[in-house]
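Structural overview
Chain residues, written in single-letter form:
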Amino acid sequence: MSNILEVQRLTKSYGGATAVNEVSFALEPEKIYGLLGRNGAGKTTIMHMITAQLFPTRGEVKVFGENPYENERILSRICFIKESQKYPDTYRVVDVLEAAAAFYPNWDRDYAYALLEDFRLPPKRNMKKLSRGMLSAVGIVVGLASRAPLTIFDEPYLGLDAVSRSLFYDRLIEDYGEHPRTVILSTHLIDEVSQLLEHVLVIDEGKLIMNEDADALRGRAFTVVGTSSKVDAYTAEKEVINRSMFGGLASATIVGDMTVNDKKQAEALGLELATVSLQQLIVYLTRGNLERKAVEV
Amino acid sequence: MGFIIDDSRPIFMQIAERIEDDVIEGRLLEESQVPSKIQIATFYQINPATAAKGVSLLVDQGILYKKRGIGIFVATGARTLLMEKRREQFFEQYVVSMIQEAEKLGITAEHLSEMIKRGAKRDE
């Protein structure tokens, strides 16, 4: 099958600052992607360009094979749930659902109202009177019920309690299972969503630093712990992404699949070995320069 | 169920191991139907494609088989096959690491075999 989305050398600059820098990737149909990275990494800017709400400075965006700008046919197939969605002053929860029903061709009205009940959302309440968590829940209802071939959630669970977040994951898995489509979950909270993802894209300082199958990354890195001289000897010719010391002990995290030889060598040196979680791997890879200033849109 | 997904190992392998355990311990009988990928995915809150990958790993090994249009079933003889496989792994996985830890603590081979006998009696 052909790609749902292709971006080529996508770049967005504001004056001297580059928010998104030469990002290229393609999304296949019917997969759940994670767009991960720290706050200010450039995730939201990328999503705004994909959904034609922002012009790239350079580079190309193709959604369903076409340029999305002012392209109504393409845009009706994209549902973008923004963290900072604004609604007209008079809108109640039901009005948001009716507006979505008019816009999205695959909208499932019964499903939308069932979700309202699941999330305990009062249909007649004015959007302005909803809590942060309730606003997020309305976004989730619209995102799920739209059944858009490309559905994008940007930090979908701000203010949601643990029960509602778990409900979101359950409903997403069920509905995606019955109506497969391409989903992008963009978030800086990796731990909770990581196991829902089939593929991860990691953005750091405006650049795409990782584009891989999620399961292939689990166990891709490992940590060795032991006396510092032995850890140094072990890691001499390996790619170390994190190193820390305490007293005479050192720990080093290495990228690469752990081979039988690695294991034997570490055991011979009396080092302890542990695999690294997907979340921890991403933390190590993205924490580089902590002082850098985030670029905000 | 007390089964938590470990984020530091491929999830499809953990799903395959879980199904293997279910077959070995008799929770999934031979010729019975395996839960669908969506049932597995919702239960563990994982991606349905990952669940499907875990199942197809066992289909490739002949532990499970597909009935067209119906679903996935446990093959006859699957339990024996899995028990043999697990017995082979047992030495590497448990015995070797136990001996290493025993050596670290200065436990002699004699003392260790005594402890094993004592442990085996515990349930009697």
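Residues numbered from 1 in each chain as written. Chains lettered and ligands numbered in written order. Predicted model: local features only at pLDDT ≥ 70, side-chain atom pairs only at ≥ 80, totals over all residues. Heavy atoms only, no water.

Re the nonpolar core
Heads up, the condition is: Only buried residues count toward a nonpolar core, which is a set of Ala, Val, Leu, Ile, Met, Phe, Trp, Tyr and Cys residues joined through side-chain atoms within 4.5 Å. Only protein chains enter the accessibility calculation, which uses a 1.4 Å probe. A residue is then buried if its area is under 20% of the maximum for its type, exposed if over 50%, and partly exposed in between. Helix numbers and strand numbers start at the N terminus; a helix is a DSSP run of H or I with at least 4 residues, a strand a run of E with at least 2. We call two residues in contact whenever any of their non-hydrogen atoms come within 4.5 Å of each other.
Of all hydrophobic cores here, the largest spans 75 residues; its most connected members are Phe 119, Val 142, Phe 168 and Leu 185 of chain A together with Ile 19 and Leu 64 of chain B. Here the element with the most residues in this core is helix H5 (residues 132-145) of chain A; it accounts for seven residues. If near-sequence neighbours (up to four positions away) are discounted, Ile 19 of chain B is found in contact with Leu 28, Val 34, Ile 40, Val 55, Leu 58 and Leu 64 of chain B. Counting residues in each nonpolar core, the second largest holds 30 residues, with Val 20, Met 49, Leu 54 and Ile 203 of chain A among its members.

Topic: the UniProt feature "domain: HTH gntR-type" (unreviewed entry) in chain B
Rule in force here: UniProt positions are given in the numbering used here, feature names are shortened, and annotations may be inferred rather than shown by experiment.
Here, UniProt's "domain: HTH gntR-type" (unreviewed entry) annotation points to residues 9-77 of chain B. Spanning residues 9-77 of chain B, this segment combines 51% helix with 12% strand, and its end C-alpha atoms are found 28 Å apart.

Thoughts on the interface of chain A and chain B
Selection rule: Values labelled buried area give the accessible surface lost by two parts on being combined, using a 1.4 Å probe and summing over both. Every case where a carboxyl oxygen of Asp or Glu lies within 4 Å of a side-chain nitrogen of Lys or Arg is listed as a salt bridge.
On the chain B side, the residues contacting the 23 residues of chain A number 19 residues. Summed over both partners, the interface of chain A with chain B buries about 1700 Å², with 50% contributed by carbon and sulfur atoms. For chain A, the biggest contributors to the area lost against chain B are Ile 173, Gln 195 and Asp 215 of chain A; these three give 38% of the whole. Linking chain A with chain B are one salt bridge, by the criterion used here.

Some details on the packing of aromatic side chains
Basically, it comes down to this: By convention, a stacked pair of Phe, Tyr or Trp rings (six-membered ring in the case of Trp) has centres within 6.5 Å and planes under 30 degrees apart, an edge-to-face pair has planes over 60 apart, and any other such pair is tilted. Geometrically, a charge over a ring is one whose NZ (Lys) or CZ (Arg) sits within 6 Å of the ring centre while staying within 35 degrees of the ring normal.
Inspection of every chain in the model, using the stated rule, returns eight aromatic pairs over all chains. One aromatic cluster is present, built from ring pairs that chain together Phe 153, Tyr 157, Phe 168 and Tyr 169 of chain A. Just above the ring of Phe 64 of chain A sits the side chain of Arg 77 of chain A; from NZ or CZ to the centre is 3.9 Å. Stacked on the ring of Phe 73 of chain B, the Lys or Arg Lys 67 of chain B has its end atom at 4.1 Å from the ring centre.

A closer look at the environment of Ala 102 of chain B
Residue and element names in this part refer to chain B. Positionally, Ala 102 belongs in helix H4 (residues 78-104). Separated by ten residues in sequence, Ala 102 and Leu 112 place their C-alpha atoms 7.5 Å apart. In this structure Ala 102 touches Ile 107 and Leu 112, once residues within four positions along its chain are discounted.

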